[in-house]
Amino acid sequence: MSEPILELRHVSKVFTQRPDLIERAVNLVSRKHPSAGVHAVNDVSLTVQAGKVIGIVGESGCGKSTLARIVAQLIPATQGEVLYRGQNLATLDATSRRRMALEIQMVFQNPFASLNPRKRVADIIMEAPLVHGITPARERESRLAELLSMVGLDMSAAQRYPHQFSGGQRQRIGIARALAVKPRMLICDESVAALDVSIQAQILNLLMDLKEREQLTYLFISHDLGVVEHICDEVVIMYLGRVVEQASTEDIFSQSRHPYTQALLSAVPRIEDGKRDYQPVQGEIPSPLNPPAGCHFNPRCPHVMPRCRVDVPLLREVMPRHTAACHLNDLSLAR
Amino acid sequence: MSENLLEIRGLKTHFFTRAGVVPAVDGVSLDVRAGEVIGLVGESGSGKSMLGFSILGLIDEPGRIVAGDIRYKGKSLVGLPERDMQRIRGKEIAMVFQDPSMTLNPVLRIDTQMIETIQAHEKVSRKAALARAIDVLERVGISSAETRIRSYPHQFSGGMRQRVAIAVAFINRPDLIICDEPTTALDVTIQGQIIHEFQTLCREEGTALIWISHDLGAVASIADRILTMYAGHIVESGPAQAVLHAPHHPYTAGLIRSIPSQVPRGERLYQIPGNTPNMLALPSGCPFRTRCPRATEQCTTYPASMAFVAGHDFVCWHPENAQ
């Protein structure tokens, strides 16, 4: 087994809002502690082997994008460590930190919002490698041509502006920009969610080809289980900031051990199933500002027990290389 | 064919832009029977939303219905004065949009908006209207509706707002609801809930549904009949199972094949060659021919509508799954 390219150890991120003047006065008078803030990511540990595709799945507010931003070094973690190739980037000096962080790049969801509309494609793609000295200025044109052909565009695209491209083409430009600094790891944050099925297929094929050619590792964030099943080796299911289940893709899809994962799987409309009656999971996704006590999923869980409203279930190994956080697994009643 | 609730014949909605004429809807014919659920699929820009807007007379300048007829219960809706159209809109035919935060007025409470919808079409007291509004909200799965009806739209989550939008659509018991990507903006578990609400309500009320979506999975789970749209044309229409399992038009087949769950894990996905067409410069004949793996010289003339089995029509010279 190769060494892990990325390791997260008990990573948490809390967003706190600065109290305004009145709130501070009230806190002072009532001697109340300021509010605890939003636990966007709560004690997440994860090991990513080089060359793998790890899927992170969850609904709005589950913290998957926050996790991506922590890994990409865009925001610091409140607690825990992010080890990239064995090094905690937060402890490095600024120069080497920047160099290491460049190896982790992101491809964003919205190809309309993530490209600067006032810049030509050539400048969008080549700005970072020139600034960071990865590509010498005299190789600019040849590198640009290489990058464009890698993502299936030709040189005529270079002098045009983002608005002159369709959604799928823009996503290709976004991928070329990420690849320009020669990353080892790509974080795809809902990178195909905004695309039509046929275009989605093109981009997924492109991502898979690039993975082989450039020997990349992917953190693939998505809410679309169909896409995740297709391209990921391993899947992490998150709910309200916590990891609730983690296993190989086969295991998640064939023998899930958490009611939330099971609910997600049954909620996905698949064309093979045809017309059917839905037995939807009850209830709304609770606000991360005020998550329910105990297991966060308890108000919506069909198997809820009194214990679930009090104790937080810990992530335990239920089978080799398959962890889940559910009290049912203690009773071995799951599934 | 008098049993049809809605009959569209040769409808053309064109947009006269500075760059040229965009044939967003170009010769669409379709029938909707009472209580039937129609799934309308296609990629962005295929004209599926514009077809929905045309039915309700919601086409704005520079767009215009240039040809064809839309008959609702035998009465033509094309060229109907705005006053008469208003009587139909929301009462006989309602619409649910993709983004519920756009349909609801952010500065009015939910009760105000729902009562207004009822009183616009019927002479009922405020109290009776309120009671009806609460009842509908409960039926779309909003608990403690009597208190929550006094909230503003921003106090609801996205899924709850969409439920309110659905309640507003159902409130006057219309015979037809047009849903334009109603679950696209929602999370998976909430999408399941919304599809479930639609299924139960339509069954109880006998409401017909036109479900516009690019998500074939969602359409498969609710539709009786599926229509595929490409570049303003309906290229295939038929019973849902037949269209999904033995599509005739190469475009429908390509769409189905490019869904990730259709191929074994890790294998390359099927790609429809090329990009979505530029509506200003469509190829002559079959608009799909430049991307079609089966295209021949013959495709430069527009194909006639054909069927192997009555009720499953397609517009293609070289259909797949031919008998």
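Criteria and thresholds
Residues numbered from 1 in each chain as written. Chains lettered and ligands numbered in written order. Predicted model: local features only at pLDDT ≥ 70, side-chain atom pairs only at ≥ 80, totals over all residues. Contact = placed C-beta atoms within 7 Å. Helix = DSSP H or I, 4+ residues; strand = E, 2+ residues; numbered from the N terminus. Nonpolar A, V, L, I, M, F, W, Y, C, P; charged D, E, K, R; others polar. Buried ≥ 20, exposed ≤ 12 C-beta atoms within 10 Å, placed from the backbone. Pairing = 2+ DSSP bridges. Right-handed = clockwise from strand over helix to strand, strands pointing away. pLDDT = per-residue confidence, 0-100.

## Observations concerning the interface of chain A and chain B
Consideration 1: Counting residues at the interface gives 34 residues for chain A, matched by 40 residues for chain B.
Consideration 2: A total of six residues in the side of chain A that touches chain B trace back to one element, the largest contributor, which is helix H7 (residues 197-214) of chain A.
Consideration 3: Within the side of chain A that touches chain B, the residues separate by chemical class into 14 nonpolar, 11 polar and nine charged.

## What to know about the pairing of strand S8 (residues 217-222) of chain A
If a strand is regular, its side chains alternate between the two faces of the sheet.
Residues and elements named next belong to chain A.
Consideration 1: Extensive coverage of S8 is indicated by the burial of six of its six residues.
Consideration 2: The two faces of S8 match: Thr217, Leu219 and Ile221 on one face and Tyr218, Phe220 and Ser222 on the other face are all buried.
Consideration 3: As defined by bridge partners, strand S7 (residues 185-189) adjoins S8 across five bridges and the pair is classed as parallel. Opposite Leu186, over in S8, you have Tyr218 as the bridge partner.
Consideration 4: Traced from S7 through H7 to S8, the parallel crossover comes out right-handed.

## Thoughts on the sheet that holds strand S5 (residues 87-88) of chain A
Sheet strands line up and pair through hydrogen bonds in the backbone, either parallel or antiparallel.
Residues and elements named next belong to chain A.
Consideration 1: Across the sheet, which stays open at both edges, the four strands sit in the order S2-S1-S4-S5 with antiparallel pairing between neighbours. Of all strands in the sheet, those bounded by a partner on one side alone are strand S2 (38-49) and S5.
Consideration 2: Note that strand S4 (residues 79-84) and S5 share two bridges and pair antiparallel. Following the sheet pairing, Tyr84 is matched in S5 by Gln87.

## Details of the confidence of the model for chain B
Consideration 1: Averaged over chain B, the pLDDT score is 90; the fraction of residues at 70 or greater is 99%.
Consideration 2: Here the complex is predicted with pTM 0.86, and the ipTM for its interfaces comes to 0.82.

## Section: the environment of Val37(B)
Residue and element names in this part refer to chain B.
Consideration 1: Examined against the element boundaries, Val37 turns out to sit in strand S3 (residues 37-41).
Consideration 2: For Val37, a count of 24 C-beta atoms within 10 Å translates into the label buried.
Consideration 3: Along the sequence, Val37 and Thr207 sit 170 residues apart, while their C-alpha atoms lie 8.5 Å from each other.
Consideration 4: Setting aside residues no more than four positions away along its own chain, Val37 makes contact with Cys202, Leu209, Trp211, Ile222, Ala223 and Asp224.

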